[in-house]
Amino acid sequence: MLLADIRLHLAQNGSASIQELSNRFDTDIEAVENIMSVLRRKGSVRQISGEPPACARAGCGCGCACSSAAQKSADVYEWVGRSKRARQAPG
């Protein structure tokens, strides 16, 4: 299941961008954004930055990668939930 895969990846690696997750799990950016919304509502992740692509920073206005989709793909999320191992530990 993609949500469990992304949750495990973030728990193991600490953080990742929407684009990284999209590439890693071979799924579209909108699906990853929806999953990140679920994880954010559960308090498992938080958005830590969103460095836009160079073209978007320049504001070229050409309609290439300067879209909100390009901006969102640069959003980075950090794992703040407990790891799977921590959830299984007694206590």
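Bear in mind that the values here come from a model prediction, so they are computed numbers and not experimental data.

## Description of the overall build of the protein chain
- Of regular secondary structure, the protein chain possesses six helices and three strands.
- Ordered by position in the sequence, the α and β elements of the protein chain form the string α-β-α-α-β-α-α-β-α.
- The buried share of the protein chain, taken over its 91 residues, is 26%.
- For the protein chain, contacts bridging at least 24 residues in sequence account for 66% of all contacts bridging at least 6.
- As presented, the protein chain carries roughly 5700 Å² of accessible surface, and 47% of it is formed by carbon and sulfur atoms.

## Observations concerning the pattern of salt bridges
- Considering all chains together, one arrives at one salt bridge under this definition.
- With a shortest N-O distance of 2.6 Å, E78 and R46 are connected by a salt bridge. Here E78, found in strand β3 (residues 75-79), pairs with R46, found in strand β2 (residues 45-50); they are 32 residues apart in sequence, far enough to count as distant.
- Assessed through its relative accessible area of 23%, E78 is described here as partly exposed.
- Assessed through its relative accessible area of 46%, R46 is described here as partly exposed.

## Observations regarding the nonpolar core
- Core analysis: the biggest nonpolar cluster contains 14 residues, and I6, L10, M36, L39 and V45 have the highest contact counts within it.
- Those elements giving two or more residues to this core turn out to be α1 (2-13), α2 (18-24), α3 (29-41) and β3.
- Top contributing element to this core by residue count: α3, with five residues.
- Among residues more than four places away in sequence, those in contact with L39 are L3, I6, R7, L10, S44 and V45.

So, how was this worked out
Residues numbered from 1 in each chain as written. Predicted model: local features only at pLDDT ≥ 70, side-chain atom pairs only at ≥ 80, totals over all residues. Heavy atoms only, no water. Helix = DSSP H or I, 4+ residues; strand = E, 2+ residues; numbered from the N terminus. Buried < 20%, exposed > 50% of the residue type's maximum accessible area, 1.4 Å probe, protein only. Contact = heavy atoms within 4.5 Å. Areas by Shrake-Rupley, 256 points an atom, 1.4 Å probe, with all protein chains shown as cover. Salt bridge = Lys/Arg side-chain N within 4 Å of Asp/Glu carboxyl O. Core = buried A, V, L, I, M, F, W, Y, C linked by side-chain atoms within 4.5 Å.

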